[in-house]
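Now for the letters of each chain:
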Amino acid sequence: MDIFYDVLYGNFILFAFCAICLANLFNPFIDIWLGSEYLFPSEIVICIVIEFFIEGMRQTVLTFKDAMGIFKQDQFKPICEAIINLVMSILLTYKFGTIGIVLGTIISMLFSFFVEAIILFKYGFKQNIKEYLLKTMKYCLIFVFSFLVTIFITRFLNINNNILNFSLKCICTVLIAIITLLLTTFKNNEFKYFKSKIIKNRM
């Protein structure tokens, strides 16, 4: 189980960092590339980032499930996910417009997220899923915290030159995201594991 949680932590750091960068730099990049008329509404950008983060966090469970040959137990999950995605997207599109499509996808992904984890722990690890859910919830809260801190600080970086503004925002986003993610997890056993591996490889 230690290996699983080590991989989960590494996966979290990778996708949380990428998601924060995506959220903060998506529209500034579009502004330079195509112009301000092609900018996405902030709520759509946030939904895209959430979808990206959830999909990334699923990968640890999916990797271990596939490696352990657990396929039959969730054979109907893709069908259920597709139906939930279709129904929720249609319903939410009527209510919220284009953003409803992304929200429908997020809901169906959350369904698969929990089903895949339940199946892995029940048939693969044969252990209680409580620790995994607590760690995942903790990681999600850390992601939200790091995301908000990064957005709050970089919002004050406004330079008239778009390229300079994007470059400065890029540097600050990367630094703040790394600092906040590591400072909020450096006491974790998983962090200590990766730290020991890095130190060992450098010697």
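The rules behind the values
- Residues numbered from 1 in each chain as written.
- Predicted model: local features only at pLDDT ≥ 70, side-chain atom pairs only at ≥ 80, totals over all residues.
- Heavy atoms only, no water.
- Helix = DSSP H or I, 4+ residues; strand = E, 2+ residues; numbered from the N terminus.
- Buried < 20%, exposed > 50% of the residue type's maximum accessible area, 1.4 Å probe, protein only.
- Contact = heavy atoms within 4.5 Å.
- Core = buried A, V, L, I, M, F, W, Y, C linked by side-chain atoms within 4.5 Å.
- Salt bridge = Lys/Arg side-chain N within 4 Å of Asp/Glu carboxyl O.
- 1 Å grid on protein atoms, 1.4 Å probe; cavity = no way out; pocket = protein on both sides within 12 Å on 5 of 7 lines; lining within 4 Å.
- Points joined across faces, edges and corners; volume = space filled by probe spheres on them.
- Nonpolar A, V, L, I, M, F, W, Y, C, P; charged D, E, K, R; others polar.
- Phe/Tyr/Trp six-rings, centres within 6.5 Å; stacked < 30°, edge-to-face > 60°.
- Lys NZ or Arg CZ within 6 Å of the ring centre and 35° of its normal.

Moving on, we come to the overall build of the protein. Helix and strand counts for the protein stand at 7 helices and 0 strands. Ordering the α and β elements of the protein from the N terminus gives α-α-α-α-α-α-α. C-alpha atoms of the protein, sized along the principal axes, occupy 55 × 55 × 25 Å. Out of the 203 residues in the protein, the part that is buried amounts to 40%. When contacts within the protein are restricted to residue pairs at least 6 apart in sequence, those whose partners lie at least 24 apart make up 74%.

Quick look at the environment of isoleucine 129 now. Position of isoleucine 129 among the secondary structure elements: in the loop between α4 (99–125) and α5 (130–154). Contacts of isoleucine 129, omitting those with residues within four sequence positions, involve Ala117, Ile118 and Phe121.

In terms of nonpolar packing, the biggest core is built from 40 residues, with Phe4, Phe12, Phe53, Tyr132 and Phe143 touching the most fellow members. Among the elements of the structure, α1 (2–33), α2 (42–67), α4, α5 and α6 (162–183) are those that each provide at least two residues to this core. Per element, the largest residue contribution to this core is 11 residues, and it comes from α1. Those residues within four positions of phenylalanine 12 in sequence are excluded, and the remaining contacts are Phe17, Phe53, Met57, Tyr139, Ile142, Phe143, Leu181 and Thr185.

Moving on: the pattern of salt bridges. Considering all chains together, one arrives at 7 salt bridges under this definition. For the salt bridge of arginine 58 with glutamate 81, the shortest nitrogen-to-oxygen distance reads 3.7 Å. Of this pair, arginine 58 sits in helix α2 while glutamate 81 sits in helix α3 (residues 77–96), and the two are 23 residues apart along the sequence. Across the pair, glutamate 81 and arginine 58 agree in class, each one buried.

One number sums up the size of the largest pocket: a volume of about 350 Å³. Examining the composition of the lining of the largest pocket, we find that 8 residues originate from one element, α5, more than from any other. For the lining of the largest pocket, the residue count by class is 16 nonpolar, 1 polar and no charged. Approximately 270 Å³ is the volume attributed to the second largest pocket. Around the second largest pocket, the lining residues are Ala23, Asn24, Asn27, Pro28, Ser42, Val45, Ile46, Phe147, Ile151, Thr154, Arg155 and Lys169. Considered class by class, the residues forming the lining of the second largest pocket number 6 nonpolar, 4 polar and 2 charged.

Glancing now at the packing of aromatic side chains. Tallied over the entire structure, the rule returns 21 aromatic pairs. Considering the side-chain rings of phenylalanine 121 and tyrosine 132, the 5.4 Å spacing of their centres and the 40 degrees angle between planes classify their relative orientation as tilted. Here phenylalanine 121, found in helix α4, pairs with tyrosine 132, found in helix α5; they are 11 residues apart in sequence, far enough to count as distant. The pair phenylalanine 121 / tyrosine 132 is uniform in exposure class, with both members buried. An aromatic cluster is present here, built from Phe4, Tyr5, Phe64, Phe113, Phe114, Phe121, Phe125 and Tyr132 joined pairwise through their rings. Just above the ring of tyrosine 5 sits the side chain of lysine 135; from NZ or CZ to the centre is 5.3 Å.

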